[in-house]
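# Structural description and commentary
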Amino acid sequence: MGGSERAALRPMPGAGAAPRILVASDVLLYREGLAASLRRDGRLDVAAAASCAESFAIALRLAPCALLVDASTAAGLALARRFHADSPTIRLIGFGISEEGGDVIACAEAGLVAFVDRNGTIDVLVAAVLGALRGELACSPRVAAMMCDRLASLAVTRTDSAAPLTRRESQVAALIAEGLSNKEIAVDLRIGPATVKNHVHNILEKLNVRRRAAIVSRLREAPRARLAPAGH
């Protein structure tokens, strides 16, 4: 996509105007009924209601602030992924969502920032849109719990898949645990301070932590998995 198209997709609401939105669903009655209800409500400016295939081109012309997408279909999620990649400034709100774990994760990975399930009301949907435009995540407590579980599992996966420390890195980590500074470690191991600094950097990256103080606790979590049998 060229620069002019990206610029056209940036939301440009007028001062004091209701946020302009686009409703996307491949079910005609679904999208027209939702658009009509939102127009009667009046808190959002429904610029158009269109199929998933038509919505991207329409957005180029109308520059909505947010896209309300039927996230119950593969086409809706594909459209969300396209907007997320090509126009991250447009907020993506999914409706008609099933609160099954896999469905929620698929929506989050597609770039949705608000989730309204199949039992959601117009008030809930409008609140989700307005919250998303303020930079807030709108979802039910159950969805929030599932997303937190997913993040936790990803963190464990990253930790478990990290490369083990070499023998020298293990020695450096052990001395860090004893409270030694880089200069003291250099003297103890008879290596240069710059070499120690490089080892510390590698240890932090492998253990996926930012501070020296976190090295000790991270090694305690899985000490055997972290240490290499040999190497320098």
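Residues numbered from 1 in each chain as written. Predicted model: local features only at pLDDT ≥ 70, side-chain atom pairs only at ≥ 80, totals over all residues. Heavy atoms only, no water.

Right, let's get into the overall build of the chain. Looking only at helices and strands, the chain features 12 helices and 5 strands. Buried positions account for 41% of the 232 residues belonging to the chain. Of the contacts made within the chain by residues no fewer than 6 positions apart, 66% connect residues no fewer than 24 positions apart. (Helix = DSSP H or I, 4+ residues; strand = E, 2+ residues; numbered from the N terminus. Buried < 20%, exposed > 50% of the residue type's maximum accessible area, 1.4 Å probe, protein only. Contact = heavy atoms within 4.5 Å.)

The strands that make up a sheet are held in pairs by hydrogen bonds between backbone atoms, and each pair lies either parallel or antiparallel. Spatially, 5 strands are ordered 2-1-3-4-5 in an open sheet, and the strand pairing comes out parallel. Each of the sheet's edge strands pairs with one partner strand only, and the pair in question is strand 2 (45–50) and strand 5 (114–117). Within this sheet the neighbouring strands show an average axis-to-axis angle of 20°, counted without direction. Bridge analysis of strand 1 (residues 20–24) against strand 2 gives 5 bridges, and the strand direction is parallel. Bridge pairing in strand 2 places Val23 opposite Ala49. The strands touched by helix 3 (residues 52–62) are strand 1 and strand 2; relative to strand 2, the strand with the most contacts, the crossing angle is about 145°. Taken strand by strand, helix 6 (residues 122–133) contacts strand 1, strand 3 (66–70), strand 4 (91–97) and strand 5, and its axis lies near 155° from that of strand 4. (Pairing = 2+ DSSP bridges. Axes fitted to C-alpha atoms, helices over the stretch in contact; angles between N-to-C directions.)

Geometrically, a pair of aromatic rings is defined through the distance of the ring centres and the angle of the planes. On inspection of all chains with the given rule, the structure shows 2 aromatic pairs. Taken together, a centroid distance of 5.4 Å and an interplanar angle of 80° make the contact between Tyr30 and Phe95 edge-to-face. With Tyr30 in helix 2 (residues 28–41) and Phe95 in strand 4, this pair connects stretches of sequence that are 65 residues apart. What makes Phe95 buried here is its relative accessible area of 4%. (Phe/Tyr/Trp six-rings, centres within 6.5 Å; stacked < 30°, edge-to-face > 60°.)

Turning our attention to the confidence of the model for the chain. Summing up the model confidence of the chain, the mean pLDDT is 81 and the portion of residues at 70 or higher is 77%. Across the chain, the element-wise mean pLDDT spans from 40 in helix 1 (residues 3–8) up to 97 in strand 1. Note on residues 228–232: pLDDT is under 50 here. Beyond four places in sequence and across chains, it has 11 contacts. (pLDDT = per-residue confidence, 0-100.)

With that settled, the discussion passes to the packing of helix 2 against helix 6. With their axes 11 Å apart at the nearest point, helix 2 and helix 6 run at an angle of 75° to one another. It follows from the interaxial angle that helix 2 and helix 6 lie roughly perpendicular. On the side of helix 2, the interface is formed by Leu34, Ser37, Leu38 and Asp41, while helix 6 contributes Ile122, Asp123, Leu125 and Val126. Tallied by class, residues from the contact of helix 2 with helix 6 come to 5 nonpolar, 1 polar and 2 charged. (Parallel < 35°, antiparallel > 145°, perpendicular 65-115°, else oblique. Nonpolar A, V, L, I, M, F, W, Y, C, P; charged D, E, K, R; others polar.)

Mapped onto the fold, Val23 is located in strand 1. The class for Val23 is buried, based on a relative accessible area of 0%.

Take a nonpolar patch on the surface next. A contiguous nonpolar surface patch, about 310 Å² in accessible area, is contributed by Val27, Leu29 and Tyr30. Here Tyr30 falls in the partly exposed class, since its relative accessible area comes to 34%. (Patch = residues over 30% accessible without salt bridge, like charges linked within 9 Å, V, L, I, M, F, W, Y side chains within 5 Å. Areas by Shrake-Rupley, 256 points an atom, 1.4 Å probe, with all protein chains shown as cover. Salt bridge = Lys/Arg side-chain N within 4 Å of Asp/Glu carboxyl O.)

Our next topic: the nonpolar core. In terms of nonpolar packing, the biggest core is built from 25 residues, with Leu67, Leu79, Phe83, Leu92, Cys107 and Leu112 touching the most fellow members. Every element with two or more residues in this core is listed here: strand 1, strand 2, helix 3, strand 3, helix 4 (74–86), strand 4 and helix 5 (101–109). Counting residues per element, this core draws most heavily on helix 3, at 5 residues. Sequence-distant contacts of Leu92, that is, excluding residues within four places in its chain, are made with Leu67, Ala80, Phe83, His84, Ala110, Gly111, Leu112, Val113 and Ala114. Formed by 20 residues, the second largest nonpolar core is a distinct cluster that contains Val23, Leu68, Val129 and Ala132. (Core = buried A, V, L, I, M, F, W, Y, C linked by side-chain atoms within 4.5 Å.)

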